[in-house]
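# Analysis of the macromolecular model
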Amino acid sequence: MRRVLVVSIVAICSVLTAVGMLGKVLAAGTAPAIDYTKILPPDLVKNTPKGKLANPYKDSQADIVAQGEHLFLSYGCNGCHGGGGGGGMCPPLINDTWVYGGDDDTIFRLVTLGSDELQKLGYTRIGRENVVGPMPPFGAIIKSSDDLWKIFAFVRSRYNGDPAYKFGAPPDPQ
Ligand code: HEC
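Residues numbered from 1 in each chain as written. Predicted model: local features only at pLDDT ≥ 70, side-chain atom pairs only at ≥ 80, totals over all residues.

A count of helical and extended segments in the protein gives 6 helices and 0 strands. Along its sequence from the N terminus, the protein presents helices and strands in the succession α-α-α-α-α-α. (Helix = DSSP H or I, 4+ residues; strand = E, 2+ residues; numbered from the N terminus.)

So this is what it looks like as structure tokens:
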């Protein structure tokens, strides 16, 4: 009898502790910040549910944009997309036509996995640019997810299309 009592008291206490911890986690609001410098793009893609990848940087951060431009050139994105991302032998990155979608999640997955792999996951070309061809997979080349987010901050900073389409098609009006 006594043992049962002790066991139940222990059980109740642990439930209360768990609830208390949960409360703290909820109170803290968001999940702990991810250190993108330590995560390779393919791992981030694999471990993040579709739609949840979001750039921690803003294209108004001049220092980040400058680093992003440097990375864009050093990884050779300019060879195909032009030095300012305005297109060359491959589609422009700064207009309002997005091949698969212009949101952070989609472009991060596209550059990491490449067109072929993205299409295997069910993505289809929804936007048409003059040039149609595969984007090569850069996931194994780009040293960290942080580098890729900085590149995108640079690309976004050069955007010159319809503001409503900067991050892809705006949601349909209800
Ligand atoms: C060998 C040429 C080549 C290189 C190098 C290259 N890309 Fe691409 N990229 C393409 C092609 C081709 C497409 C169109 C993909 C498609 O139609 O499936 C594309 C598409 C894209 C898109 C989507 C554009 C849109 O309008 O929807 C982004 C963003 C992008 N590339 C970023 C990059 C970044 C960042 C780098 C450097 C890390 C890079 N690309 C390097 C050829 C290249």
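Attention shifts here to helix α5 (residues 104-120). For α5, spanning 17 residues, the distance from its first C-alpha to its last is only 19 Å, which falls clearly below the expected 24 Å at 1.5 Å a residue. Bending of α5 peaks at approximately 115° at the position of Gly 114. For α5, the complete set of buried residues consists of Thr 106, Ile 107, Phe 108, Arg 109, Leu 110, Val 111, Thr 112, Leu 113 and Leu 118. Those residues of α5 that are buried are in contact with α2 (41-47) and α6 (145-157). Within two residues after α5, Gly 122 carries a phi angle of roughly 105°, on the positive side. (Expected span 1.5 Å × (residues − 1). Bend = angle between axes of the 7 residues up to and from the residue. Buried ≥ 20, exposed ≤ 12 C-beta atoms within 10 Å, placed from the backbone. Contact = placed C-beta atoms within 7 Å.)

Bringing the site of the ligand into the picture now. Inspection of the region around the ligand gives 25 residues, with Cys 77, Cys 80, Val 99, Ser 115 and Met 135 positioned closest. Contributing elements (two or more residues each) for the shell around the ligand: α4 (77-81) and α5. Grouping the constituent residues of the shell around the ligand by class yields 17 nonpolar, 6 polar and 2 charged. (Near = placed C-beta within 6 Å. Nonpolar A, V, L, I, M, F, W, Y, C, P; charged D, E, K, R; others polar.)

Moving on, we come to the environment of Ile 39. Assignment of secondary structure puts Ile 39 in the loop between α1 (2-28) and α2. Classification of Ile 39 by C-beta neighbours within 10 Å gives partly exposed; the count is 16. Here the alpha-carbon distance between Ile 39 and Lys 143, two residues 104 residues apart in the chain, equals 8.6 Å. When near neighbours in sequence (up to four residues on either side) are disregarded, Ile 39 contacts Ile 34, Leu 44, Ser 144 and Ser 145.

Right, let's get into the packing of helix α3 (residues 62-74) against α6. Two elements in contact, α3 and α6, have axes separated by 7 Å at closest approach and are oriented at 105°. Considering their axes alone, α3 and α6 lie roughly perpendicular with respect to each other. Contact residues: α3 offers Ile 64, Val 65, Gln 67, Gly 68, Glu 69, Leu 71 and Phe 72, while α6 offers Asp 147, Lys 150, Ile 151, Ala 153, Phe 154 and Ser 157. Split by residue class, the contact of α3 with α6 holds 7 nonpolar, 3 polar and 3 charged. (Axes fitted to C-alpha atoms, helices over the stretch in contact; angles between N-to-C directions. Parallel < 35°, antiparallel > 145°, perpendicular 65-115°, else oblique.)

With that settled, consider the nonpolar core. Counting residues in hydrophobic clusters, the biggest one holds 25 residues, and the most contacted among them are Val 111, Ile 151, Phe 152 and Ala 153. At 7 residues, α6 tops the list of elements feeding residues into this core. Discounting chain neighbours no more than four positions away, the residues touching Val 111 are Met 135, Phe 138 and Leu 148. (Core = buried A, V, L, I, M, F, W, Y, C linked by C-beta atoms within 7 Å.)

Moving on, we get to α3. Taking 1.5 Å per residue as the helical rise, α3 with its 13 residues ought to reach 18 Å, and the 18 Å between its terminal C-alpha atoms agrees with that figure. Within the span of α3, buried status applies to Ile 64, Val 65, Gly 68, Glu 69, Leu 71 and Phe 72. Seen end-on, α3 carries its buried residues on one side only, within an arc spanning 165°. The exposed set on the far side of α3, more than 90 degrees from its buried face, consists of Ala 62, Asp 63 and Ser 74. As for α3, its buried residues are in contact with α4 and α6. Phi turns positive, to about 80°, at Gly 76, one or two residues after α3. (Arc of directions from axis to C-beta.)

Quick look at the environment of Val 132 now. Mapped onto the fold, Val 132 is located in the loop between α5 and α6. Classification of Val 132 by C-beta neighbours within 10 Å gives exposed; the count is 11.

In this section: the environment of Phe 72. Residue placement: Phe 72 occurs in helix α3. What makes Phe 72 buried here is the crowd of 23 C-beta atoms within 10 Å. Sequence separation of Phe 72 and Ile 151 is 79 residues, and the distance between their C-alpha atoms is 5.6 Å. Residue contacts for Phe 72: discarding those within four places in its chain leaves Cys 77, Asn 78, Ile 151 and Phe 154.

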